[in-house]
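Notes for the structure review
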Amino acid sequence: LGFRLLHDAPPEFGEEFTGIKKRYLEFRKDDLYIRAGNSFTLYGRGLALNLFESRALGFGTGLDGVKVEYKTRMMKLGFTVGDIRYLDILDLTRVEDYRIRAGSVELTPYPFFSFGVNVASGKTPSGGRIDNAQFDIPEYFGKVSVEGVDVYTSYAEKRTTVYNDTAGTHKGTAFYSSLSYTE
């Protein structure tokens with residue numbers, strides 16, 4: 001059980017606030033982890049989902065909801081569901097609400113090789129600054145680790161539909177790869 005009690009007056013950035021800003025309840029037993037409340041999540045290298053906070057930058061995309069992870073030697077499963085309320089510190093009138101559903105599956109058939117898929121899906125409710133939009137981001141990845149050499153490759157595709165936009169669905173792709181050596 002944890003929480004952040006915050007008294008921010010005058011604020012570092014954004015609006016004044018006094019009260020409980022973040023709170024969570026965690027449970028861990030063997031291979032199962034559950035967290036309810038505020039959380040941050042990173043799937044893969046962050047192409048599909050990267051929820052984080054940087055107080056130095058005044059940026060926070062923490063999710064208020066549920067995060068579940070289950071890990072064994074050959075498999076990792078995870079899902080995250082909840083809501084994000086994003087406040088732009090440069091324009092305090094810009095507040096964006098998102099409803100997020102995300103999941104991750106990673107299989108490790110051999111100790112040196114794994115592959116998987118991460119999926120994030122979300123929408124903004126109607127009536128907000130971004131009116132009634134839906135986005136879907138599938139990401140596919142693979143990892144190989146042999147004698148200190150690590151290779152990671154990931155590909156993602158983002159599809160965004162803004163329902164009051166006559167242009168329809170917008171698409172974009174991303175590719176990430178890294179090569180590292182550790183002795």
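A brief structural summary. None of the values given here were measured: they were computed from a predicted structure.

Criteria and cut-off values
Residues numbered from 1 in each chain as written. Predicted model: local features only at pLDDT ≥ 70, side-chain atom pairs only at ≥ 80, totals over all residues. Heavy atoms only, no water. Helix = DSSP H or I, 4+ residues; strand = E, 2+ residues; numbered from the N terminus. Contact = heavy atoms within 4.5 Å. Areas by Shrake-Rupley, 256 points an atom, 1.4 Å probe, with all protein chains shown as cover. Phe/Tyr/Trp six-rings, centres within 6.5 Å; stacked < 30°, edge-to-face > 60°. Buried < 20%, exposed > 50% of the residue type's maximum accessible area, 1.4 Å probe, protein only. Lys NZ or Arg CZ within 6 Å of the ring centre and 35° of its normal. Patch = residues over 30% accessible without salt bridge, like charges linked within 9 Å, V, L, I, M, F, W, Y side chains within 5 Å. Salt bridge = Lys/Arg side-chain N within 4 Å of Asp/Glu carboxyl O. Polar contact = N/O pair within 3.5 Å; in protein donor to acceptor, adjacent residues only side chain to side chain. Pairing = 2+ DSSP bridges. Axes fitted to C-alpha atoms, helices over the stretch in contact; angles between N-to-C directions.

The subject of this paragraph is the overall build of the protein. Of the regular secondary structure elements, the protein holds zero helices and 14 strands. N-terminal to C-terminal, the α/β element order of the protein is β-β-β-β-β-β-β-β-β-β-β-β-β-β. Dimensions of the protein along its principal axes, counting C-alpha atoms only, are 50 × 45 × 30 Å. Summarising the internal contacts of the protein: among those between residues at least 6 apart in sequence, 41% fall at separations of at least 24. Entry remark: accessible area of the protein is about 11500 Å², with carbon and sulfur atoms responsible for 57%.

A few words now on the environment of Val149. As for its placement among the helices and strands, Val149 is situated in strand E13 (residues 149-162). In the structure, Val149 is positioned 30 residues away from Leu179 in sequence and 7.2 Å away in space, judged by C-alpha atoms. Apart from residues lying up to four places away in sequence, Val149 is in contact with Val144, Leu179, Ser180 and Tyr181.

Here the focus is the packing of aromatic side chains. The geometry of an aromatic ring pair is captured by two quantities: the separation of the ring centres and the angle between the planes. Considering all chains together, one arrives at seven aromatic pairs under this definition. With a centroid separation of 6.0 Å and an interplanar angle of 15 degrees, the aromatic rings of Phe141 and Tyr152 are classed as stacked. Highlighted residues: Phe141 in strand E12 (residues 133-146) and Tyr152 in strand E13, separated in sequence by 11 residues. Looking at Phe141, the relative accessible area reads 8%, which means it is buried. Among the residues examined, Tyr152 registers a relative accessible area of 2% and is labelled buried. Through a chain of ring-to-ring contacts, three or more aromatic side chains come together here, namely Phe52, Phe59 and Tyr86. Of note, Lys21 hangs over the ring of Phe17, and the distance from its end group to the ring centre comes to 4.5 Å. Here the basic side chain of Arg35 rests over the ring of Tyr24, its NZ or CZ set 3.7 Å away from the ring centre.

Below, the discussion takes up a nonpolar patch on the surface. Taken together, Tyr110, Phe112, Val144, Val146, Val149, Val151, Leu179 and Tyr181 make up a surface patch of nonpolar side chains, about 760 Å² in accessible area. Broken down by secondary-structure element, the contributors of at least two residues to the nonpolar patch are E12, E13 and strand E14 (169-181). Looking at the element boundaries, Val144 is found in strand E12. Here Val144 falls in the partly exposed class, since its relative accessible area comes to 33%.

Moving on, we get to the environment of Thr161. In this structure, Thr161 sits in strand E13. Accessibility expressed as a relative area gives 19% for Thr161, which makes it buried. Each C-alpha atom of the pair Thr161 and Lys123 lies 9.3 Å from the other, and the pair is 38 residues apart in sequence. Not counting chain neighbours up to four residues away, the residues in contact with Thr161 comprise Asn132, Ala133, Gln134, Gly168 and Thr169. Within the structure, the side chain of Thr161 is placed 2.9 Å from the side chain of Thr169, a separation counted as a polar contact.

Turning our attention to the sheet that holds E12. Sheets are built from strands that pair by backbone hydrogen bonding, the pairs being arranged parallel or antiparallel. Taken in spatial order, the 10 strands line up as E1-E2-E3-E8-E9-E10-E11-E12-E13-E14 in an open sheet, and their pairing is antiparallel. Each edge of the open sheet carries a strand with a single partner, namely strand E1 (2-8) and E14. Adjacent strand axes in the sheet meet at a mean angle of 10 degrees, parallel and antiparallel pairs treated alike. Two strands pair when backbone bridges link them, and strand E10 (residues 95-110) and strand E11 (residues 113-123) are joined in this way by 10 bridges, in the antiparallel orientation. Considered in E11, the bridge of Ser104 is made with Asn118.

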